[in-house]
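Survey of secondary and tertiary structure
Here are the chains, one letter per residue:
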Amino acid sequence: MSNQVKVIQPSGRLDVTTAADFRRQVNDIASVPNPPKYLLVDLQEITFMDSSGLGALVSALKAIRNSDGDMVICGANDQVQMLFELTSMTKIFKIYPTVDEFNATLN
């Protein structure tokens, strides 16, 4: 994987109890000198996401874009994918089924 890609892989629940920690982690990445071109959020270990988790992802996208980067999501389970579709977030996020499929776009 390119050194221009930073991967974060939250696990368990991405909800009201964990959203602030996720936001802080992303803000730390976005605020370093020479931030990565891509932030890859691998959701394969996420078992549940609610609107707070979705809000944290939107906040992350804004933070990364403000540092001239881009964010992609991969590995969403059926529940998370359905949440993205019901809220039309599939139009906002770049979503790939797997990390390998995203990596293939870099070559």
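Residues numbered from 1 in each chain as written. Predicted model: local features only at pLDDT ≥ 70, side-chain atom pairs only at ≥ 80, totals over all residues. Heavy atoms only, no water.

As recorded by an unreviewed UniProt entry, the chain carries the name Anti-sigma factor antagonist and is attributed to Pseudanabaena galeata UHCC 0370. The Sequence similarities (unreviewed entry) field of the UniProt record for the chain holds the comment "Belongs to the anti-sigma-factor antagonist family." (UniProt positions renumbered as here; feature names shortened; annotations may be inferred.)

Moving on, we come to the sheet that holds strand β3 (residues 38-42). Spatially, β1-β3-β5-β6 is the arrangement adopted by the 4 strands of the open sheet, whose pairing is parallel. At either margin of the open sheet sits one strand with a lone partner, and together these are β1 (5-8) and β6 (94-96). Taken pair by pair, the neighbouring strands of this sheet meet at an average axis angle of 25°, ignoring direction. Examined bridge by bridge, β3 and strand β5 (residues 70-74) share 5 bridges and lie parallel to one another. Within the sheet, the bridge partner assigned to Tyr 38 lies in β5 and is Asp 70. Helix-sheet contacts for helix α2 (residues 51-66) involve β3 and β5, and the interaxial angle to β5 is about 145°. (Pairing = 2+ DSSP bridges. Helix = DSSP H or I, 4+ residues; strand = E, 2+ residues; numbered from the N terminus. Axes fitted to C-alpha atoms, helices over the stretch in contact; angles between N-to-C directions. Contact = heavy atoms within 4.5 Å.)

A few words on the pattern of salt bridges. Applying the stated criterion to the full structure yields 4 salt bridges. A salt bridge links Arg 13 to Asp 15; its shortest N-O distance comes to 2.7 Å. Asp 15 sits in the buried class, given a relative accessible area of 5%. Of the charged contacts in the structure, one is a salt bridge between Arg 65 and Asp 70, with a shortest N-O distance of 3.8 Å. On the accessibility criterion, Arg 65 (42% relative accessible area) is partly exposed. Looking at Asp 70, the relative accessible area reads 14%, which means it is buried. A single salt-bridge network, built from bridges that share partners, covers Arg 65, Asp 70 and Lys 94. (Salt bridge = Lys/Arg side-chain N within 4 Å of Asp/Glu carboxyl O. Buried < 20%, exposed > 50% of the residue type's maximum accessible area, 1.4 Å probe, protein only.)

Turning our attention to the packing of aromatic side chains. Both the distance between ring centres and the angle between the ring planes are used here to describe each pair of aromatic rings. Tallying each qualifying case throughout the model produces 3 aromatic pairs. Look at Tyr 38 and Phe 102: their rings are 5.5 Å apart centre to centre, the planes differ by 75°, and that puts the pair in the edge-to-face class. Note that Tyr 38 is positioned in strand β3 and Phe 102 in helix α4 (residues 99-106), a separation of 64 residues in sequence. Here the two residues Tyr 38 and Phe 102 agree in accessibility, since each one is buried. Pairwise contacts between aromatic rings join Tyr 38, Tyr 96 and Phe 102 into one cluster. (Phe/Tyr/Trp six-rings, centres within 6.5 Å; stacked < 30°, edge-to-face > 60°.)

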